[in-house]
Amino acid sequence: QVQLVESGGGLVQPGGSLRLSCKASGSISGIYAMGWYRQAPGKERELVARISSGGTTNYADSVKGRFTVSRDDAKNTVYLQMNSLKPEDTAVYYCNAARVGTTYRYWGQGTQVTVSV
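Summary of the structure given here. (Residues numbered from 1 in each chain as written. Predicted model: local features only at pLDDT ≥ 70, side-chain atom pairs only at ≥ 80, totals over all residues. Heavy atoms only, no water.)

1. Some points on the pattern of salt bridges
Close approach of charged atoms allows side chains of opposite charge to pair. For the structure shown, the criterion picks out 5 salt bridges. Note that R71 is salt-bridged to D73, the shortest N-O span being 2.8 Å. Residue class for R71 comes out buried when judged on its relative accessible area of 16%. Its relative accessible area of 22% is what places D73 among the partly exposed residues. One network of salt bridges, in which partners are shared, links R38, E46, R66 and D89. (Salt bridge = Lys/Arg side-chain N within 4 Å of Asp/Glu carboxyl O. Buried < 20%, exposed > 50% of the residue type's maximum accessible area, 1.4 Å probe, protein only.)

The following block contains the structure:
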(Lines give C-alpha, C1' and ligand atoms only; values in the text may rest on other atoms or scores of the structure.)
Protein backbone atom coordinates (compact mmCIF):
# COMPACT_ATOMS: atom_id res chain seq x y z
CA GLN A 1 0.00 0.00 0.00
CA VAL A 2 1.15 3.53 -0.69
CA GLN A 3 0.01 6.80 0.84
CA LEU A 4 -0.16 9.93 -1.27
CA VAL A 5 0.03 13.55 -0.15
CA GLU A 6 -0.72 16.37 -2.57
CA SER A 7 0.44 19.96 -2.20
CA GLY A 8 0.72 23.13 -4.23
CA GLY A 9 -2.90 24.10 -4.71
CA GLY A 10 -4.22 27.58 -4.14
CA LEU A 11 -5.86 30.63 -5.64
CA VAL A 12 -4.52 31.96 -8.93
CA GLN A 13 -5.73 34.46 -11.51
CA PRO A 14 -6.71 33.37 -15.01
CA GLY A 15 -3.61 32.94 -17.14
CA GLY A 16 -1.49 32.10 -14.13
CA SER A 17 0.42 28.96 -13.22
CA LEU A 18 0.57 26.46 -10.41
CA ARG A 19 2.67 23.38 -9.78
CA LEU A 20 1.11 20.50 -7.88
CA SER A 21 3.20 17.85 -6.16
CA CYS A 22 2.25 14.37 -5.01
CA LYS A 23 4.60 12.67 -2.59
CA ALA A 24 4.30 8.90 -2.14
CA SER A 25 5.15 7.15 1.11
CA GLY A 26 7.13 4.47 -0.66
CA SER A 27 8.89 3.70 -3.90
CA ILE A 28 6.91 4.23 -7.08
CA SER A 29 9.68 3.37 -9.52
CA GLY A 30 8.57 0.63 -11.90
CA ILE A 31 5.64 -0.17 -9.64
CA TYR A 32 3.01 2.50 -10.10
CA ALA A 33 1.49 4.41 -12.93
CA MET A 34 0.60 7.83 -11.57
CA GLY A 35 -2.25 10.12 -12.45
CA TRP A 36 -3.89 13.41 -11.65
CA TYR A 37 -7.66 13.66 -11.53
CA ARG A 38 -9.94 16.55 -10.67
CA GLN A 39 -13.46 17.03 -9.45
CA ALA A 40 -15.39 20.26 -9.73
CA PRO A 41 -18.54 20.92 -7.66
CA GLY A 42 -21.50 18.99 -9.03
CA LYS A 43 -19.35 17.11 -11.53
CA GLU A 44 -17.80 13.66 -11.71
CA ARG A 45 -14.13 13.09 -11.09
CA GLU A 46 -12.21 13.16 -14.37
CA LEU A 47 -8.75 12.23 -15.53
CA VAL A 48 -6.47 15.20 -16.13
CA ALA A 49 -3.13 13.56 -16.89
CA ARG A 50 -1.40 10.23 -16.46
CA ILE A 51 2.19 9.06 -16.58
CA SER A 52 3.10 5.39 -16.84
CA SER A 53 5.84 3.68 -14.89
CA GLY A 54 7.94 4.01 -18.05
CA GLY A 55 7.23 7.72 -18.47
CA THR A 56 4.57 7.66 -21.19
CA THR A 57 2.11 10.49 -20.71
CA ASN A 58 -1.43 11.20 -21.79
CA TYR A 59 -3.72 14.15 -21.16
CA ALA A 60 -7.34 15.16 -21.23
CA ASP A 61 -8.10 17.19 -24.34
CA SER A 62 -9.08 20.16 -22.18
CA VAL A 63 -5.56 20.51 -20.74
CA LYS A 64 -3.34 19.49 -23.66
CA GLY A 65 -0.68 22.09 -24.34
CA ARG A 66 -1.22 23.75 -20.95
CA PHE A 67 -0.50 21.05 -18.35
CA THR A 68 2.56 18.83 -18.02
CA VAL A 69 2.81 15.73 -15.83
CA SER A 70 6.21 14.44 -14.75
CA ARG A 71 7.68 12.09 -12.19
CA ASP A 72 10.86 11.95 -10.14
CA ASP A 73 11.12 8.36 -8.99
CA ALA A 74 14.19 9.12 -6.89
CA LYS A 75 11.98 11.42 -4.81
CA ASN A 76 8.83 9.27 -5.07
CA THR A 77 7.08 12.36 -6.35
CA VAL A 78 4.82 13.23 -9.26
CA TYR A 79 4.21 16.75 -10.48
CA LEU A 80 1.56 18.56 -12.45
CA GLN A 81 2.69 21.84 -13.97
CA MET A 82 -0.36 23.88 -14.87
CA ASN A 83 0.02 26.92 -17.11
CA SER A 84 -2.48 29.28 -18.72
CA LEU A 85 -5.04 28.39 -16.10
CA LYS A 86 -8.70 29.04 -16.79
CA PRO A 87 -11.66 29.42 -14.43
CA GLU A 88 -12.94 26.06 -15.66
CA ASP A 89 -9.81 24.42 -14.21
CA THR A 90 -11.17 25.17 -10.74
CA ALA A 91 -11.54 21.87 -8.89
CA VAL A 92 -10.12 19.64 -6.22
CA TYR A 93 -7.14 17.84 -7.75
CA TYR A 94 -6.37 14.29 -6.65
CA CYS A 95 -3.27 12.21 -7.10
CA ASN A 96 -3.72 8.54 -8.00
CA ALA A 97 -1.37 5.58 -7.95
CA ALA A 98 -2.20 2.46 -9.92
CA ARG A 99 -0.07 -0.56 -9.16
CA VAL A 100 1.09 -2.07 -12.44
CA GLY A 101 -0.45 -5.45 -13.25
CA THR A 102 -3.04 -5.25 -10.49
CA THR A 103 -6.34 -3.55 -9.72
CA TYR A 104 -4.94 -1.75 -6.70
CA ARG A 105 -5.58 1.98 -6.78
CA TYR A 106 -4.68 4.58 -4.18
CA TRP A 107 -5.80 8.18 -3.78
CA GLY A 108 -4.50 11.26 -2.06
CA GLN A 109 -6.68 13.58 -0.02
CA GLY A 110 -6.86 16.23 -2.74
CA THR A 111 -5.75 19.83 -3.07
CA GLN A 112 -7.99 22.74 -4.04
CA VAL A 113 -7.17 24.78 -7.13
CA THR A 114 -9.21 27.94 -7.66
CA VAL A 115 -8.80 30.09 -10.76
CA SER A 116 -10.51 33.44 -10.31
CA VAL A 117 -9.94 37.17 -10.60
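2. A few points about the pairing of strand β5 (residues 46–51)
Relative to β5, strand β4 (residues 32–39) runs antiparallel, the two sharing 5 bridges. Across the sheet, the residue bridging to R38 is E46, located in β5. Counted between consecutive antiparallel strands, the loop separating β4 from β5 contains 6 residues, among which G42 sits at a positive phi close to 75 degrees. The sheet contact formed by β5 and strand β6 (residues 57–59) spans 3 bridges and is antiparallel. (Pairing = 2+ DSSP bridges. Helix = DSSP H or I, 4+ residues; strand = E, 2+ residues; numbered from the N terminus.)

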